[in-house]
Amino acid sequence: MSIGRGSSLLGLPAATADLAILNLGIAIAMITRGYPRRLWLGGLAVLYALGVLAAAEFATVLGLIIAVFALTVLTRSGRLAVYMIPVGFLGGVLLWPVIQLRLSGFHSTSGLPVSWLDRVYNLRTFFWPVLFSDHNWILGVRPSPRIATSNKAEGYIWIESGYTWLLWGGGVPLVASYIAFAAAVIQKSWGYAKRADPAGIAATAVAAAMCSQVVLMLFDPHLTFRGSGDALFLLLALIRKLPARRTLPSGVSRPPAAVTVAQPQEVPV
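Residues numbered from 1 in each chain as written. Predicted model: local features only at pLDDT ≥ 70, side-chain atom pairs only at ≥ 80, totals over all residues. Heavy atoms only, no water.

### A word on the nonpolar core
Of all hydrophobic cores here, the largest spans 32 residues; its most connected members are Leu 22, Phe 127, Leu 166, Tyr 178 and Met 217. Secondary structure elements with two or more residues in this core: α6 (114-131), α8 (162-192), α9 (198-216) and α10 (228-239). Of the residues forming this core, the biggest block, 10 residues, is contributed by α8. Ignoring anything within four residues of it in the chain, the contact list for Phe 127 reads Asn 122, Pro 145, Arg 146, Ile 147, Ile 157, Trp 158, Ile 159 and Trp 168. Counting 20 residues, the second largest nonpolar core, distinct from the first, contains Ala 17, Val 52, Val 68 and Leu 71. (Core = buried A, V, L, I, M, F, W, Y, C linked by side-chain atoms within 4.5 Å. Buried < 20%, exposed > 50% of the residue type's maximum accessible area, 1.4 Å probe, protein only. Helix = DSSP H or I, 4+ residues; strand = E, 2+ residues; numbered from the N terminus. Contact = heavy atoms within 4.5 Å.)

### Things to note about empty space enclosed by the protein
If you walk through the whole model with that rule in mind, you get 1 cavity of 30 Å³ or more. Of the pockets and cavities examined, the largest cavity occupies roughly 120 Å³. In terms of lining residues, the largest cavity is bounded by Asp 18, Ile 21, Leu 22, Ala 209, Met 210, Ser 212, Gln 213, Leu 216, His 222, Ser 228, Gly 229 and Leu 232. It is α9 that provides the largest number of residues to the lining of the largest cavity, a total of 5 residues. Taken together, the residues of the lining of the largest cavity sort by class into 6 nonpolar, 5 polar and 1 charged. (1 Å grid on protein atoms, 1.4 Å probe; cavity = no way out; pocket = protein on both sides within 12 Å on 5 of 7 lines; lining within 4 Å. Points joined across faces, edges and corners; volume = space filled by probe spheres on them. Nonpolar A, V, L, I, M, F, W, Y, C, P; charged D, E, K, R; others polar.)

### Topic: the pattern of salt bridges
Between side chains of opposite charge, pairing is possible as soon as their charged atoms come close. Under the criterion given, the structure shown has 3 salt bridges. The partner of Asp 220 in a salt bridge is Arg 119, and the shortest N-O contact between them spans 3.3 Å. Taken together, the residues span a long stretch of sequence, with Asp 220 in the loop between α9 and α10 and Arg 119 in helix α6 at a distance of 101 residues. Note on accessibility: Asp 220 and Arg 119 belong to one class, buried. (Salt bridge = Lys/Arg side-chain N within 4 Å of Asp/Glu carboxyl O.)

### What about the confidence of the model for the chain?
The predicted model of the chain has a mean per-residue pLDDT of 85, with 86% of residues at 70 or higher. Mean pLDDT across the secondary structure elements of the chain bottoms out at helix α5 (residues 96-103), with 82, and peaks at α8, with 95. (pLDDT = per-residue confidence, 0-100.)

### Some remarks on the packing of aromatic side chains
Taken as a whole, this structure holds 8 aromatic pairs when the rule is applied. Ring plane angle 85° and centroid distance 5.5 Å describe the contact between Phe 106 and Trp 116, whose orientation is recorded as edge-to-face. Separated by 10 residues along the polypeptide, Phe 106 in the loop between α5 and α6 and Trp 116 in helix α6 bring together distant segments of the chain. A residue is classified by how much of its surface remains accessible, and Trp 116, at 33% relative accessible area, is partly exposed. With a centroid separation of 5.8 Å and an interplanar angle of 20°, the aromatic rings of Phe 181 and Phe 233 are classed as stacked. (Phe/Tyr/Trp six-rings, centres within 6.5 Å; stacked < 30°, edge-to-face > 60°.)

### Points about unusual backbone geometry
For Arg 76, which is not glycine, the phi torsion reads 55° and is therefore positive. Topologically, Arg 76 is positioned in the loop between α3 (58-75) and α4 (79-94). The residue Asp 134 is not glycine, and still its phi comes out positive at about 55°. Within the element layout of this structure, Asp 134 appears in the loop between α6 and α7 (136-139). Classification of Asp 134 by relative accessible area gives exposed; the value is 69%.

### A short note on the environment of Ile 66
You can see Ile 66 is positioned in helix α3. Along the backbone, Ile 66 and Ala 208 are 142 residues apart, and their C-alpha atoms lie at a distance of 7.7 Å. Once you skip the residues sitting within four places of it in the chain, Ile 66 turns out to touch Cys 211, Ser 212 and Val 215.

Quick look at the structure:
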């Protein structure tokens, strides 16, 4: 791609990296639980880590570090952090053209990438003045997180800050709802991650991904990114085990259901 960032079929590099972090958590959780074919799972884990680097997003690399730290604590495997060192070197060698392209942004006159400056300029010029005037931050401005403009090829300027996006769309109640949601997800999934069943694997991945997302929301609305956001909510459904149906001990048959036969009624003539 001309932008030098891997975006897969999602068409969004940050979403691709988020999805790779989620899959990395699943692979590592399966390895630490002693699942067979650990070599294949290890190869997939390396591939997912390289996928985050290939997305060439500074924010998601930070998210990867946070997720790996959370996985190290969850799985109680200090070797995980050690293994990530050679993976990082491998990614630096294989993906150096991508990394070099991203680092070239620091050679600007300001010393910062132009995309970073544009992000801050748009927030300060188009969104924050409206958001923090007339007490709009209390209940929000409007659901649409964009402003129409003729200066952009796509015709819109989008909010590039997750928490600003929450304030813009729903004010303090929406921000508080997200914080409560994130805290509940981390708390529950952290506890469920102790289980050895498939639900525990999903909980491990969700806990690590959610710890990463809470920080990444400072930069973009990662909660609703296409692909990665969908996968996160699908895994949430797998964490909670439904109560099993009651089963009778072996050798005991279930009594037949009683059948009630209605008595015939006399028909008046």
